[in-house]
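Next come the chains, spelled out residue by residue.
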Amino acid sequence: MYTEISKNKRNSWFLIGGFVIVITLLCYVFALAFNNQAVLYLGVGFAVFYAAISYYFADSMILAVSKAQKIAKKDNPQLYRTVENLSITAGLPMPSIYIIDDTAPNAFATGRDPKHAIVAVTSGLLEKLDKPELEGVIAHELSHVGNYDVRLMALVVVLVAVIVLLSDWFLRFSFIFGDDNDSGGGTFQLIMIVIGIALALLAPLIGVLLQLAISRKREYLADASGAMLTRYPEGLAKALRKIEGDTEPLEAANRATENLYIINPLRDNVHGHRSWFAGLFSTHPPTAERIKRLESMDLHP
């Protein structure tokens, strides 16, 4: 687990570097296509500004969109003690606790690092899970915090969003700013526009596929880490089965936040049987496979 944490921290910097290169390349090609170097400076400047703002305030935006309300110990002593005890066991700072007033059972963790971590659960989760199942879910979410998954996924979400925005702007304005071919470089500029369109179409898709692949891998790791934390894999396995089996929609969830939850709240990719192609676009691995792995774990001495 410590190896995975170090790998997450290291991958975060590699990820930043890789996305910065991709964003700079996109802006450079767009600048050539528009025959305007200002596009390069404006694009990179916007990307840096947007990434910084989103990185530090993404958790606040997520909580606002999810209509989550912060609670104190007096508001729900049982939940507070559960999070507190597991945080102590995991050697983590006590995260802020939020509740989403929704009858669908689910939960997520967010925040840029363990010192700024947040665990959010729905009221339905508290009503429908017993104590061992709730502990399994909380341990899973705390594992995301301890493994630095929250930082890694926040960076991925922000940087993919930057690429999508830049690509969308290029496709929208290419015909407006790409007509200045009077400078003798018309053929070259046309080639750059074609390359720019290809990059604008492919870069967001590649970024999203990378985001989803990382998200699926992180879920398996958090399941294993959570099971080791509680020493009771059956608790999390039962919780996953119960959450998946619940048919109530989570109204606060959307496409931007679906990858955060312990099980996809939009219910289009949680089942065990699907094609490899459909699996590429899944935010979570199959729940049946996650349960199978948990049930095969032997943590008893």
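With that settled, the discussion passes to the overall build of the chain. The helix and strand tally for the chain stands at 10 helices and four strands. Relative to its 301 residues, the chain shows a buried fraction of 51%. Counting only contacts in the chain whose residues sit at least 6 apart along the sequence, the fraction spanning at least 24 positions is 70%. Accessible area of the chain: about 14,800 Å², with a carbon and sulfur share of 64%.

In this section: the pattern of salt bridges. Overall, the coordinates contain nine salt bridges when judged by the stated rule. One salt bridge connects Lys128 with Glu248, and the closest N-O pair in it is separated by 2.6 Å. Highlighted residues: Lys128 in helix H4 (residues 123–128) and Glu248 in the loop between helix H8 (233–245) and helix H9 (276–280), separated in sequence by 120 residues. Judged by relative accessible area, which is 26%, Lys128 ranks as partly exposed. A relative accessible area of 32% places Glu248 in the partly exposed class.

Interaxial distance between H8 and helix H10 (residues 287–295) falls to 8 Å at its minimum, and their mutual angle equals 165°. Judged by the angle between their axes, H8 and H10 are roughly antiparallel. Both H8 and H10 take part in a crossing whose hand is left-handed. Seen from H8, the contacting residues are Pro233, Leu236, Ala237, Leu240, Arg241 and Glu244; seen from H10, they are Thr287, Arg290, Ile291, Leu294 and Glu295.

Below, the discussion takes up the packing of helix H3 (residues 77–90) against helix H5 (residues 131–146). Here H3 crosses H5 at 50°, and the two axes come no closer than 10 Å. In this view, H3 runs oblique relative to H5, as classed from their interaxial angle. The two elements H3 and H5 cross, and the hand of that crossing is right-handed. Seen from H3, the contacting residues are Leu79, Thr82, Val83, Leu86 and Ser87; seen from H5, they are Leu134, Glu135, Ile138, Ala139 and Leu142. Partitioning the contact of H3 with H5 into residue classes produces seven nonpolar, two polar and one charged.

Along the chain, Ala68 turns up in strand S1 (residues 68–70). A relative accessible area of 10% means that Ala68 is categorised as buried. Spatially, the C-alpha atoms of Ala68 and Ile97 are 9.4 Å apart, while their sequence positions differ by 29 residues. Ignoring sequence-local partners within four residues, the contact set of Ala68 consists of Leu63, Tyr98, Ile99 and Ile100.

So, on to H3. For H3, which comprises 14 residues, the first-to-last C-alpha distance of 20 Å matches the rise-based estimate of 20 Å (1.5 Å per residue) to within 8%. Three or more residues of H3 are buried, namely Leu79, Tyr80, Thr82, Val83, Leu86 and Ser87. The buried residues of H3 occupy an angular sector of 160° when projected down its axis, which confines them to one face. Residues of H3 that are exposed and angled more than 90 degrees away from the buried face: Ile88 and Thr89. The positive-phi residue at the C-terminal boundary of H3 is Gly91, with phi of around 70°.

Let's shift gears to helix H2 (residues 38–65). Along its 28 residues, H2 runs just 35 Å from first to last C-alpha, ending more than 12% under the 40 Å computed at 1.5 Å per residue. Where H2 bends most, at Phe57, the angle is about 60°. Within the sequence span of H2, burial applies to Leu40, Gly43, Ala47, Ala51, Ser54, Tyr55, Ala58, Asp59, Ile62 and Leu63. Looking one or two residues beyond H2, the residue adopting positive phi is Lys67, at roughly 60°.

The strand order across the open sheet formed by four strands is S1-S2-S4-S3, and the pairing between neighbours is mixed. With partners counted over all chains shown, the strands left at the sheet margins are S1 and strand S3 (107–110), one partner each. Adjacent strand axes in the sheet meet at a mean angle of 25° when their direction is disregarded. Where strand S2 (residues 96–100) meets strand S4 (residues 118–122), five bridges bridge the pair, whose relative direction is parallel. Residue Ile97 lies in a different strand from S4, and its bridge partner there is Val119. Of the strands in this sheet, S1, S2, S3 and S4 are in contact with H2, which crosses S3 at around 155°.

By size, the foremost hydrophobic cluster in this structure holds 33 residues, and its most contacted members are Leu79, Val121, Leu125, Val137, Ile138 and Leu240. Every element with two or more residues in this core is listed here: H3, S2, S3, S4, H5, helix H7 (186–230), H8 and H10. Considering each element in turn, this core owes the most residues, six residues, to H5. Residue contacts for Ile138: discarding those within four places in its chain leaves Leu79, Thr82, Val83, Leu86, Val119 and Val121.

Analysis parameters
Residues numbered from 1 in each chain as written. Predicted model: local features only at pLDDT ≥ 70, side-chain atom pairs only at ≥ 80, totals over all residues. Heavy atoms only, no water. Helix = DSSP H or I, 4+ residues; strand = E, 2+ residues; numbered from the N terminus. Buried < 20%, exposed > 50% of the residue type's maximum accessible area, 1.4 Å probe, protein only. Contact = heavy atoms within 4.5 Å. Areas by Shrake-Rupley, 256 points an atom, 1.4 Å probe, with all protein chains shown as cover. Salt bridge = Lys/Arg side-chain N within 4 Å of Asp/Glu carboxyl O. Axes fitted to C-alpha atoms, helices over the stretch in contact; angles between N-to-C directions. Parallel < 35°, antiparallel > 145°, perpendicular 65-115°, else oblique. Left-handed = near helix turned anticlockwise from the far one by under 90°. Nonpolar A, V, L, I, M, F, W, Y, C, P; charged D, E, K, R; others polar. Expected span 1.5 Å × (residues − 1). Arc of directions from axis to C-beta. Bend = angle between axes of the 7 residues up to and from the residue. Pairing = 2+ DSSP bridges. Core = buried A, V, L, I, M, F, W, Y, C linked by side-chain atoms within 4.5 Å.

Read these as spatial facts, not as claims about activity.
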